[in-house]
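What the coordinates show
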Amino acid sequence: MTMASEYDQITAFHYAAFRPSLHLPILKQCLEKGVEHSLGLDVGCGTGQSSIALTNFCKKVIGIEPSKEMLEKSIKHPRIVYSHYNRQNFDFPDNYFDLITFAGSLYYAKSQQLLDEIVRVGKNASQMIIYDFELSLDTILEMLNLEPTFAQESHYDHQVNFDGLNQEHIKVEMEFKGNYNLLLESFGKDDLYNTVSQKLRARIKSENTLIDAKTYSTVYRIKKCCRQQSV
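Residue numbering note: each chain is counted from 1, following its sequence as written. Given that this is a predicted model, residues contribute local features only at a pLDDT of at least 70 and side-chain atom pairs are listed and counted only at 80 or more, while totals for whole chains, interfaces and linings are drawn from all residues. Values shown for side chains rest on all heavy atoms present in the structure; no hydrogens or waters enter the calculation.

1. Here we look at the overall build of the protein
Numbering goes from the N terminus for both helices and strands, where a helix is a DSSP run of H or I of at least four residues and a strand is a run of E of at least two. Counting its regular elements, the protein contains 8 helices and 7 strands. Buried residues are those whose accessible area, probed at 1.4 Å on protein chains only, stays under 20% of the maximum for their type, while exposed residues exceed 50% and partly exposed ones sit between those limits. A total of 231 residues make up the protein; the buried ones form 39% of that total. Accessibility throughout is a Shrake-Rupley quantity obtained with a 1.4 Å probe, and a residue counts as covered only by protein chains that appear here. When the accessible surface of the protein is summed, it comes to about 13800 Å², and 48% of that surface belongs to carbon and sulfur atoms.

2. Thoughts on helix α2 (residues 23–30)
Among the residues of α2, those classed as buried are His23, Ile26, Leu27 and Cys30. Buried positions in α2, seen along its axis, are confined to an arc of 100° and lie on one side of it. Buried residues in α2 make contact with α3 (49–54), β4 (97–103), β5 (122–135), β6 (170–176) and β7 (213–222). Taken from the helix axis, the directions to the C-beta atoms give the arc we talk about. The contact criterion used is simple: two residues touch if any of their non-hydrogen atoms lie within 4.5 Å.

3. A short note on unusual backbone geometry
Backbone geometry places Asn95, a non-glycine residue, at a positive phi of 50°. Mapping Asn95 onto the fold places it in the loop between β3 (80–84) and β4. Backbone geometry places Ala125, a non-glycine residue, at a positive phi of 75°.

4. Here's the deal with the nonpolar core
Note on terminology: a nonpolar core comprises buried Ala, Val, Leu, Ile, Met, Phe, Trp, Tyr and Cys residues joined through side-chain atoms within 4.5 Å. Leu41, Phe90, Ile100 and Phe102 are the most contacted members of the largest nonpolar core, which has 24 residues in total. Elements that contribute at least two residues to this core include exactly β1 (37–43), β2 (58–65), β4, α5 (112–121), β5 and β7. Take this core: its biggest share by element is 5 residues, from α5. Excluding anything up to four places from it in sequence, Leu41 contacts Leu54, Ile62, Ile64, Phe90, Phe92, Phe97, Leu99, Ile100, Thr101 and Val121. In this structure, Ala53, Cys58, Val61 and Tyr82 belong to the second largest nonpolar core, which totals 19 residues.

5. Comments concerning the sheet that holds β2
Think of it this way: DSSP has to see at least two bridges between two strands before they count as a pair. Spatially, β3-β2-β1-β4-β5-β7-β6 is the arrangement adopted by the 7 strands of the open sheet, whose pairing is mixed. Two strands in the sheet have a free side with no partner beyond their single neighbour: β3 and β6. Direction aside, neighbouring strands of the sheet carry axes that sit 20° apart on average. The pairing of β1 with β2 spans 6 bridges and is classified as parallel. Bridging from a neighbouring strand, Asp42 pairs with Gly63 of β2. Interaxial angle, 0 to 180 degrees, is taken between N-to-C directions of lines fitted to C-alpha atoms, where a helix line uses only the stretch in contact. Strand contacts of α2: β4, β5, β6 and β7, with the helix running at about 135° to β5, the strand carrying the most contacts. Docked against the sheet, α5 engages β1, β4, β5, β6 and β7, running at close to 130° with respect to β5.

6. A word on the pairing of β7
In terms of strand pairing, β5 meets β7 through 9 bridges, oriented antiparallel. Within the sheet, the bridge partner assigned to Glu134 lies in β7 and is Lys214. Taken together, the 6 bridges between β6 and β7 define a ladder with antiparallel strand orientation. Its bridge partner being in β7, Glu175 is matched across the sheet by Thr218.

7. Points about the packing of aromatic side chains
Between 30 and 60 degrees the pair is tilted, below 30 it is stacked and above 60 it is edge-to-face, where a pair is any two Phe, Tyr or Trp rings, Trp via its six-membered ring, whose centres lie within 6.5 Å. Applying the stated rule across the entire model yields 8 aromatic pairs. On the numbers, 5.5 Å between centres and 85° between planes, the contact of Tyr107 with Tyr108 is edge-to-face. Judged by relative accessible area, which is 52%, Tyr108 ranks as exposed. Ring pairing ties together the aromatic residues Tyr85, Phe90, Phe92, Tyr96 and Phe97, which thus form one cluster.

8. Re the pattern of salt bridges
Just to be clear on terms, a salt bridge is a Lys or Arg side-chain nitrogen sitting within 4 Å of an Asp or Glu carboxyl oxygen. Counted according to the given criterion, the structure contains 4 salt bridges. Between Arg120 and Asp94 there is a salt bridge, with the nearest N and O atoms lying 2.8 Å from each other. One end of the pair, Arg120, is in helix α5; the other, Asp94, is in the loop between β3 and β4, and 26 residues separate them in sequence. What makes Asp94 partly exposed here is its relative accessible area of 46%. Note that Glu117 and Arg120 form a salt bridge whose closest N and O atoms lie 2.9 Å from each other. Within this pair, Glu117 and its partner Arg120 are both found in helix α5, separated by 3 residues, close to a single helical turn.

Purely geometric numbers; function is a separate question.
Rendered as structure tokens:
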């Protein structure tokens, strides 16, 4: 097994096990209430949490994901079709989707070619939403009697959007703007999720606890030029 494949399997497990359900509140903030779209595209759908949230606004959703390990753990839903894609071209016809979303996936795929493909498969005047969220683990670490002893460097950008690319055919409508290694060092990687969960349950007196999170989103509208037909 390659290191990349092992990483994908671990990431897929953690996404499916305890990635928080913040997708729907963010989408509700970005989309007009009461409007239902016919077909939505979720790019980089992971294990499906973001695709499921998108079904609240679309009759049918197609979730595409480059990681086969993620797709193997995808959450089944009667109105979602999951598909593997090669990070280059979409296997969809022109003017196909009414709504397109990227949930924490654009950072890994951002390119002019991707943006051009999005414009191609999206309908004129359709919306495209790029969003992400960042959890604060300070509360969790405090419950576990842990304190970070070093600053973790990360090049990941939660606020990434299509800035810096040719945006001739899209326009911005609205924009809202590591501790994991410490857990590994403290509790080991073997069954980390259950280990941390058991320790938290022993310390949390109620069924629920609040964890701070920052959310980021940019909403674009696709604008296609009409070609003049020769007479």
